[in-house]
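Fold and contact review
Spelled out, the chains give:
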Amino acid sequence: MKLIRYFICLAAGSTIAVSGSMAQNQSGTDSTGLPGDHFSLQGALQLFQNATSPEEFEKALNTEGNHVNNLDLDEDGDIDYVKVISKMEKNVHVFILQVPFSATENQDIAAIELEKTG
């Protein structure tokens, strides 16, 4: 039997580890006043679980109708495109969610780690 654990971390200052599903404030409103408020970690994890490839996951993240990504880190008035970068080492597969901040800089906004444990 395969057992895979999901972890998702927000890379904007604080880190949140999640196993299986996101646990958030019961009222559904968890605001810090920071740009990360405009990205739904719970929504991203749900899209990830439904995607069949990193490319499909990236497309879903950037689909306006999904209401997951509303980031504007460079404050240009446009919603930022979130790239999904896939890295694998032994039994761990990491998906890094990254926003190009400028022509030479990228900002990691979250990482999803899959670990095969059995």
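Residues numbered from 1 in each chain as written. Predicted model: local features only at pLDDT ≥ 70, side-chain atom pairs only at ≥ 80, totals over all residues. Heavy atoms only, no water.

1. Quick notes on the packing of aromatic side chains
- Taken as a whole and assessed by the stated rule, the structure comprises two aromatic pairs.
- Their ring planes at 75 degrees and their centres at 5.2 Å tell us that F48 and F57 sit as a pair that is edge-to-face. One exposure class covers both F48 and F57, and it is buried.
- Through a chain of ring-to-ring contacts, three or more aromatic side chains come together here, namely F48, F57 and F95. (Phe/Tyr/Trp six-rings, centres within 6.5 Å; stacked < 30°, edge-to-face > 60°. Buried < 20%, exposed > 50% of the residue type's maximum accessible area, 1.4 Å probe, protein only.)

2. Observations concerning the packing of helix 1 (residues 41–50) against helix 2 (residues 54–61)
- Put simply, helix 1 and helix 2 touch, their axes get as near as 9 Å, and they point 145 degrees apart. As helix 1 runs across helix 2, the sense of the crossing is right-handed. When helix 1 is examined against helix 2, the residues A44, L47, F48 and N50 are found in contact with a partner set consisting of E56, F57, A60 and L61.
- Class assignment of the residues belonging to the contact of helix 1 with helix 2 gives a composition of six nonpolar, one polar and one charged. (Axes fitted to C-alpha atoms, helices over the stretch in contact; angles between N-to-C directions. Helix = DSSP H or I, 4+ residues; strand = E, 2+ residues; numbered from the N terminus. Left-handed = near helix turned anticlockwise from the far one by under 90°. Contact = heavy atoms within 4.5 Å. Nonpolar A, V, L, I, M, F, W, Y, C, P; charged D, E, K, R; others polar.)

3. Digging into helix 2
- Considered for burial, the residues of helix 2 that qualify are F57, E58, A60 and L61. All buried residues of helix 2 lie within an arc of 165 degrees about the axis, which places them on one face of the element. Exposed and facing more than 90 degrees away from the buried side of helix 2 are E55 and K59.
- Lining the buried residues of helix 2 we find helix 1, strand 2 (83–89), strand 3 (92–100) and strand 4 (106–116). (Arc of directions from axis to C-beta.)

4. Focus on the pairing of strand 2
- Sheet topology note: the strand 2/strand 3 ladder contains seven bridges and is antiparallel. Within the sheet, the bridge partner assigned to M88 lies in strand 3 and is H93.
- Counting the residues in the hairpin turn of strand 2 and strand 3 gives two residues, including K90, whose phi is positive at 55 degrees. (Pairing = 2+ DSSP bridges.)

5. Quick notes on the side chain of N69
- Within the secondary structure, N69 sits in the loop between helix 2 and strand 2.
- Within the local environment of N69, its side chain forms a polar contact with the backbone oxygen of D80, the two atoms lying 2.7 Å apart.
- Ignoring anything within four residues of it in the chain, the contact list for N69 reads H38, F39, L61, N62, I79, D80 and V82. (Polar contact = N/O pair within 3.5 Å; in protein donor to acceptor, adjacent residues only side chain to side chain.)

6. A short note on the nonpolar core
- Within the largest apolar cluster, 22 residues are counted, with the highest numbers of intra-cluster contacts made by F39, F48, F57, L61, V82, L97 and I109.
- Secondary structure elements with two or more residues in this core: helix 1, helix 2, strand 3 and strand 4.
- The element that contributes the greatest number of residues to this core is helix 1, accounting for five residues.
- With residues near it in sequence (within four places) discarded, L97 still touches F39, F57, L61, V82, K83, Q107, D108, I109 and A110. (Core = buried A, V, L, I, M, F, W, Y, C linked by side-chain atoms within 4.5 Å.)

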